[in-house]
Amino acid sequence: MTTIAAATSADLPALLELLGQSALPTAGLADHLDTTLVAHEAGHVVGSAALELYGTTALLRSVAVAPGLRGRGLGQELTRHALALARRRKIRTVYLLTETAGGFFPRFGFRAISRDAVDPAVQRSVEFTSACPTSALAMAAELERRAST
Ligand SMILES: CC(C)(COP(=O)(O)OP(=O)(O)OC[C@H]1O[C@@H](n2cnc3c(N)ncnc32)[C@H](O)[C@@H]1OP(=O)(O)O)[C@@H](O)C(=O)NCCC(=O)NCCS
């Protein structure tokens, strides 16, 4: 059985290992653990998705699934959970940077945008300023307001 829940500090070492295996940046994640979602299977961390909140905007980062468990829907499930969390936190626009998964995110409403169009508060994040190469694709999704999520 797979569970998705808020991360705790006990998850951090395994989360960082998962990001390393997935060639994703680890810098700054520890500062956003309370808005990080973690998937567990049989006591092991098998997936993650994290939000960095900046007022009414957020950066979606660290969307990762353990290499042997990809292609079973878990990445989409984690992304949906992260976007539901963003809605609950009254986020209007979610941004992300990706080097390898530009084709994964349009199904959630993300569209490619220029880096300059990203909210300045998000542009100042560690992920934008140092952790992600300048060649990474920036994407944005506007969240519609839904009372039920
Ligand atoms: C991207 C990632 C999270 C997807 O997780 P997953 O559990 O394998 O994905 P799911 O099983 O939920 O979804 C599968 C669908 O996504 C597509 N997909 C998966 N990875 C993709 C990628 N890198 N680029 C484009 N599409 C991708 C599959 O083709 C499939 O499409 P379909 O539904 O049309 O058949 C996973 O491949 C991963 O951890 N990659 C490395 C880390 C990364 O690049 N993260 C994103 C940047 S934050």
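A. Focus on the site of the ligand. Close contacts around the ligand come from 19 residues, with V63, G71, G73, G75 and Q76 the closest. In the model, an oxygen atom of the ligand is placed 3.0 Å from a nitrogen or oxygen of the T100 side chain. In the complex, the protein chains occlude 71% of the 890 Å² of accessible area that the ligand would expose alone. Among the residues forming the shell around the ligand, the class breakdown is eight nonpolar, eight polar and three charged.

B. Quick look at the pattern of salt bridges. Counting across every chain of the model gives four salt bridges. Among the salt bridges present, the one from R72 reaches E41, with a minimum N-O distance of 2.5 Å. Within this pair, whereas R72 is found in the loop between strand 4 (57-65) and helix 2 (74-88), its partner E41 is found in strand 2 (residues 36-41), the two being separated by 31 residues in sequence. The class for E41 is buried, based on a relative accessible area of 16%.

C. Highlighting helix 2. Here helix 2 is 15 residues long and its end C-alpha atoms lie 21 Å apart, about the 21 Å a rise of 1.5 Å per residue gives. Within the span of helix 2, buried status applies to L74, G75, L78, T79, A82, L83, A84, L85, A86 and R87. Those residues of helix 2 that are buried lie in contact with strand 1 (2-6), strand 2, strand 3 (44-54), strand 4 and strand 5 (93-98). K90 lies just past helix 2 and shows a positive phi near 65°.

D. Spotlight on the nonpolar core. Counting residues in each nonpolar core, the largest one holds 36 residues, and the members touching the most others are L15, L60, V94, F105 and F110. At the level of elements, helix 1 (12-21), strand 2, strand 3, strand 4, helix 2, strand 5 and strand 7 (137-142) are the ones that each hand at least two residues to this core. When residues of this core are assigned to their parent elements, the largest contribution, six residues, is made by helix 2. Dropping the residues within four chain positions of it, F110 is found in contact with L60, L83, V94, Y95, L96, F105, M139, A140 and A141. By size, the runner-up hydrophobic cluster in this structure holds 10 residues, among which are L59, Y95, A136 and A138.

E. Quick peek at the pairing of strand 4. Taken across its nine residues, strand 4 has nine buried, putting it largely inside the fold. Here seven bridges tie strand 3 to strand 4, and the two strands are oriented antiparallel to one another. Directly across from S48, in strand 4, lies its bridge partner A64. Hairpin remark: strand 3 followed by strand 4, antiparallel, with two residues in the connecting loop; positive phi at G55, about 65°. Sheet topology note: the strand 4/strand 5 ladder contains four bridges and is parallel. Its bridge partner being in strand 5, T57 is matched across the sheet by T93.

Rules and cut-offs
Residues numbered from 1 in each chain as written. Predicted model: local features only at pLDDT ≥ 70, side-chain atom pairs only at ≥ 80, totals over all residues. Heavy atoms only, no water. Near = heavy atom within 4 Å. Polar contact = N/O pair within 3.5 Å; in protein donor to acceptor, adjacent residues only side chain to side chain. Areas by Shrake-Rupley, 256 points an atom, 1.4 Å probe, with all protein chains shown as cover. Nonpolar A, V, L, I, M, F, W, Y, C, P; charged D, E, K, R; others polar. Salt bridge = Lys/Arg side-chain N within 4 Å of Asp/Glu carboxyl O. Helix = DSSP H or I, 4+ residues; strand = E, 2+ residues; numbered from the N terminus. Buried < 20%, exposed > 50% of the residue type's maximum accessible area, 1.4 Å probe, protein only. Expected span 1.5 Å × (residues − 1). Contact = heavy atoms within 4.5 Å. Core = buried A, V, L, I, M, F, W, Y, C linked by side-chain atoms within 4.5 Å. Pairing = 2+ DSSP bridges.

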